[in-house]
Amino acid sequence: GAGVSQSPSNKVTEKGKDVELRCDPISGHTALYWYRQSLGQGLEFLIYFQGNSAPDKSGLPSDRFSAERTGGSVSTLTIQRTQQEDSAVYLCASSRSTITGANVLTFGAGSRLTVL
Amino acid sequence: KNQVEQSPQSLIILEGKNCTLQCNYTVSPFSNLRWYKQDTGRGPVSLTIMTFSENTKSNGRYTATLDADTKQSSLHITASQLSDSASYICGCGYNKLIFGAGTRLAVHP
């Protein structure tokens, strides 16, 4: 696609429920990143993929968070047993390769998660 | 500890004026530094990318500088417009970007 597509754009869930957030990167981009942005806070790194592998998942806050990428394309971020502190905007970004080579990192519009 | 600190936290200027935003980093390893503009409710949009060997890079009315020795960068906005009102985020790193909390800029008529 022309840009990074994320769905849903908004998700309201009850505490304890599981949620899945989807990211469809720009076609041909091998690197995919997930970030979290809480209200008034900076972008917090969660995980990145190179192809289907995740060389760095150090930012995942707890074992309730997991992510996968299949076919070197679409990625899903899953949050199990959601808590109120999980409320944030989850941003996905993709680039032609990792940002080491100064490749442009293009962000999606984000998925806003609200846990009641 | 890898950190990116931005200042000021927020800034109000009048339309047509210039302003400079600051970014200090202690991220290692370091490959490049980027400035992004984020409008409310939207994803960040890339403004500039600088490698450690570059000192300055311009994109229209935006000019970024980088001093790799002092680990400081700045973003200068010339002749500000109302549409420049947004958050400006600095990020740097190697395989992944570490971002600062951003500077919220408001341009008033």
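Here, every reference points to the structure presented above.
Residues numbered from 1 in each chain as written. Chains lettered and ligands numbered in written order. Predicted model: local features only at pLDDT ≥ 70, side-chain atom pairs only at ≥ 80, totals over all residues. Heavy atoms only, no water.

Q: Can you walk me through the interface of chain B and chain A in this structure?
A: Interfaces are often sized by the accessible area lost when the parts come together. Each partner contributes to the interface: chain B provides 21 residues, whereas chain A provides 20 residues. Between chain B and chain A the total buried area reaches about 1,600 Å² when both faces are included, carbon and sulfur atoms providing 55% of it. Considering only the side of chain B, the residues that lose the most area to chain A are Asn95(B), Lys96(B) and Phe99(B), jointly responsible for 32% of the buried surface there. In this assembly, chain B and chain A are joined by one salt bridge. Across the salt bridge formed by Asp56(A) and Lys96(B), the nearest N and O atoms sit 2.8 Å from each other. Remark: the boundary between chain B and chain A carries seven residue pairs in polar contact (both at pLDDT 80 or more). The set of elements that each furnish at least two residues to the side of chain B that touches chain A consists of β4 (32-38), β5 (45-51), β9 (86-93) and β10 (97-99) of chain B. Ranked by residues supplied to the side of chain B that touches chain A, first place goes to β4(B) with four residues. Partitioning the side of chain B that touches chain A into residue classes produces eight nonpolar, ten polar and three charged. (Contact = heavy atoms within 4.5 Å. Buried area = accessible area lost by both parts, 1.4 Å probe. Salt bridge = Lys/Arg side-chain N within 4 Å of Asp/Glu carboxyl O. Polar contact = N/O pair within 3.5 Å; in protein donor to acceptor, adjacent residues only side chain to side chain. Helix = DSSP H or I, 4+ residues; strand = E, 2+ residues; numbered from the N terminus. Nonpolar A, V, L, I, M, F, W, Y, C, P; charged D, E, K, R; others polar.)

Q: Please explain the state of the cysteines as it appears in this structure.
A: What is meant by a disulfide is a covalent connection between two cysteines, made through their sulfur atoms. The tally for this structure, following the rule as stated, stands at two disulfides over all chains. Note that Cys23(A) is cross-linked by a disulfide to Cys92(A), the S-S spacing being 1.9 Å. Across the S-S bond linking Cys23(A) and Cys92(A), the dihedral sits near -65°, which makes this disulfide left-handed. Taken together, the positions of Cys23(A) in strand β3 (residues 19-24) and Cys92(A) in strand β9 (residues 88-95) put the pair 69 residues apart, joining distant regions of the chain. On the basis of relative accessibility, which here comes to 0%, the residue Cys23(A) falls in the buried class. Paired by a disulfide, Cys23(B) and Cys90(B) hold their sulfur atoms 2.0 Å apart. Every disulfide takes its handedness from the sign of the S-S torsion; for Cys23(B) and Cys90(B) that torsion is -60°, giving left-handed. Remark: Cys90(B) occurs in strand β9 and Cys23(B) occurs in strand β3 (residues 19-25); sequence separation between them is 67 residues. In this pair, the class of Cys23(B) matches that of Cys90(B), namely buried. Counting only cysteine sulfurs, Cys90(B) is the nearest neighbor of Cys19(B), a cysteine outside any disulfide, at a range of 15 Å. You can call Cys19(B) buried: its relative accessible area is 6%. (Disulfide = S-S within 2.5 Å. Buried < 20%, exposed > 50% of the residue type's maximum accessible area, 1.4 Å probe, protein only.)

Q: Any chance you could explain the nonpolar core here in plain terms?
A: Nonpolar side chains tend to gather and get buried jointly when the protein is soluble and globular. With 24 residues, the main nonpolar core has Val4(B), Tyr25(B), Leu33(B), Trp35(B), Leu75(B) and Tyr88(B) as its most contacted residues. Secondary-structure elements contributing two or more residues to this core are β3, β4, β5, β7 (62-67), β8 (72-77), β9 and β11 (103-108) of chain B. For Tyr88(B), the contacting residues outside a window of four places in its chain are Gln6(B), Leu21(B), Trp35(B), Tyr36(B), Lys37(B), Leu47(B), Tyr62(B), Leu75(B), Ile77(B), Gly102(B), Thr103(B) and Leu105(B). By size, the runner-up hydrophobic cluster in this structure holds 19 residues, among which are Ile26(A), Ile79(A), Ala88(A) and Tyr90(A). (Core = buried A, V, L, I, M, F, W, Y, C linked by side-chain atoms within 4.5 Å.)

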